[in-house]
Amino acid sequence: MSVFVLDTNKKPQNPVHPAKARLLLTEGKAAVFRQFPFTIILKETVLDVASNPLRIKIDPGSRETGIAVINDDSGEIIFAMELRHRGQQIKNNLESRRAIRRSRRNRKTRYRKPRFDNRTRAEGWLPPSLKSRVHNIETWVNRLCRFCNIQAISMELVRFDMQKIQNPEISGVEYQQGELMGYEVREYLLEKWDRTCAYCGKTDIPLEIEHIVPRSKGGSNRVSNLTLACTACNRKKGNKPLEQFLSRKPGLLKRIQKQSKVPLKDAGAVNTTRWDLFRTLKKTGLPVETGSGGLTKFNRTTRGLHKTHWLDAACVGKSTPEKIFQIDKAVLIVKADGHGSRQMCRVNKFGFPRTTAKSTEKKVKGFQTGDIVKAVVTSGKKVGTYTGRVAVRKSGSFNIKTVDKTVQGISWKYCRLLHASDGYSYNTTC
């Protein structure tokens, strides 16, 4: 994607093409300010250069969130990334700690009494697994605002418009008969049935909306009676009852009947955090535009774009340009890893310590676990150049995890810091 540019006063300038950034670095007119997202800082002050206003567009998800920086005037995608959350990992860690804590107290070996005077929750409280999603997006919005001239924000406020699903006339007949008719229901079903045929399990093929209980047998249009099927399965089933059609596949019959009544867990997480995210973005002082998932899909379909998280983000809201240009297709994949654990020592399955207490000093020789470093080893058994994430040891002999392997026993003297640990890991895909 384009390279972000700052002047000597760290004021955002117009992003430039990577070729121009390389030229500025080669000529010594700029230096690398940050690796991810790649940002350079000029060594000379730029006077009276107006930077183009840009817009951050966000497609929030339960597991992944698409973020795109787009120029509304030209339709050019300046920067795109997919942010992978760690909400499920946080939930699993908390549940594990809770199980160990309760087991320890049941054995009457508690090291402290349970306290019941601090169990109140503030208004608007969210579980840590959900709040982390909001914090991840907030962090990256603030970062991008420091690196480019962001003037507005667009976010997908609702994945599915439940009122329009249950009652399409809730906003009038005009909406029901308009261009968006059917997009909300279809998007809901695609998420619920994982974009696969419910009967044969095929993916990446055209799917049709199918009634589990046929209309001719008294079935309704409620979403609990709808599923997705490929054309062949839809025609084969016809108006047969589901029990008759899958009489030889009792396992599949039971799964479809169960899944048709199960609510969307991921959609519930998005719906729970949407207003908290909206209020968080409003605190930036920028105008925030909102849109639904059906509108996002409508924009993406009419512009002929394929399905990805970052292209969904580029199509959020009514401000989406008529033409979107994908000049550069490299996308930054960002995974939230956290800043480590505050737990002083690891425990076994019974809750007893199995390691010694870790040192309170995180840094060793100026490095800490999670830093991205480049090591040029000139002597010894491990001669070569290694770039990756470092794991430090008190002895000064580090491990470096590259793309394909982990190299052990690299001295800190050979390491050069590229990107300080910030709780995220990075990868680039095309």
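Right above here is the structure, for reference.
What you see is a predicted model, and the numbers here were worked out from it, not measured in a lab.

Caption draft 1: The arrangement of the overall build of the protein in detail. Helix and strand content of the protein: 12 helices and 17 strands. The buried share among the 430 residues of the protein stands at 43%. Put simply, 62% of the contacts in the protein that link residues at least 6 apart link residues at least 24 apart.

Caption draft 2: Representation of the packing of helix α2 (residues 87–106) against helix α3 (residues 128–147) in the model. Packing of α2 against α3 brings their axes to within 8 Å, and their N-to-C directions diverge by 150°. Relative to α3, α2 is oriented roughly antiparallel. Pair α2 / α3 crosses with right-handed handedness. Contacts from Gly87, Ile90, Lys91 and Leu94 of α2 reach α3 at Pro128, Ser129, Ser132 and Arg133. In the contact of α2 with α3, the residues fall into 3 nonpolar, 3 polar and 2 charged.

Caption draft 3: Spotlight on the pattern of salt bridges. Under the criterion given, the structure shown has 11 salt bridges. Each of Arg34, Arg143 and Asp422 takes part in a single network of salt bridges with overlapping partners.

Caption draft 4: Fine view of the sheet that holds strand β3 (residues 39–42). Strand order in the open sheet formed by 3 strands is β1-β3-β2, with mixed pairing between adjacent strands. In this open sheet, the two strands that pair with only one neighbour each are β1 (4–6) and β2 (30–34). Ignoring which end each strand starts from, the neighbouring axes of this sheet average 35° apart. One ladder, built from 3 bridges, connects β1 with β3; its direction is parallel. From the neighbouring strand, valine 5 faces β3, where its bridge partner is isoleucine 40. Here α3 sits on the sheet in contact with β1, β2 and β3, set at roughly 60° to β1.

Caption draft 5: Spatial organisation of the nonpolar core. With 50 residues, the main nonpolar core has Val69 and Ile77 as its most contacted residues. What isoleucine 77 contacts, discounting residues up to four positions off in sequence, is Met1, Val69, Ile70, Trp310, Leu311, Ala314, Ile324, Phe325 and Gln326. If you look at the next biggest cluster of nonpolar residues, it comprises 22 residues, including Leu190, Ala198, Cys233 and Ile256.

Caption draft 6: Quick peek at the sheet that holds strand β12 (residues 372–377). Strand order across the open sheet formed by 5 strands is β15-β14-β13-β12-β16, with antiparallel pairing between neighbours. Across the chains shown, the open sheet's two edge strands, defined by having one partner strand only, are β15 (406–411) and β16 (415–419). For this sheet, the mean angle separating the axes of adjacent strands, direction not counted, is 45°. Alignment of strand β14 (residues 397–401) against β15, held across 4 bridges, turns out to be antiparallel.

Caption draft 7: Structural view of unusual backbone geometry. Across the junction of phenylalanine 36 and proline 37, the peptide omega takes the value -15°, indicating a cis bond. For proline 37, the position within the fold is in the loop between β2 and β3. Of note, the phi angle at arginine 195 is positive, near 55°, even though the residue is not glycine. By the secondary structure assignment, arginine 195 is in the loop between α6 (183–192) and β8 (207–211). Arginine 195 gets classed as partly exposed once you look at its relative accessible area, which sits at 27%. Not every positive phi belongs to a glycine, and aspartate 204 is a case in point at roughly 55°. With respect to the secondary-structure elements, aspartate 204 resides in the loop between α6 and β8. A relative accessible area of 78% means that aspartate 204 is categorised as exposed.

Basis of the calculations
Residues numbered from 1 in each chain as written. Predicted model: local features only at pLDDT ≥ 70, side-chain atom pairs only at ≥ 80, totals over all residues. Heavy atoms only, no water. Helix = DSSP H or I, 4+ residues; strand = E, 2+ residues; numbered from the N terminus. Buried < 20%, exposed > 50% of the residue type's maximum accessible area, 1.4 Å probe, protein only. Contact = heavy atoms within 4.5 Å. Axes fitted to C-alpha atoms, helices over the stretch in contact; angles between N-to-C directions. Parallel < 35°, antiparallel > 145°, perpendicular 65-115°, else oblique. Left-handed = near helix turned anticlockwise from the far one by under 90°. Nonpolar A, V, L, I, M, F, W, Y, C, P; charged D, E, K, R; others polar. Salt bridge = Lys/Arg side-chain N within 4 Å of Asp/Glu carboxyl O. Pairing = 2+ DSSP bridges. Core = buried A, V, L, I, M, F, W, Y, C linked by side-chain atoms within 4.5 Å.

Structural measurements only, silent on function.
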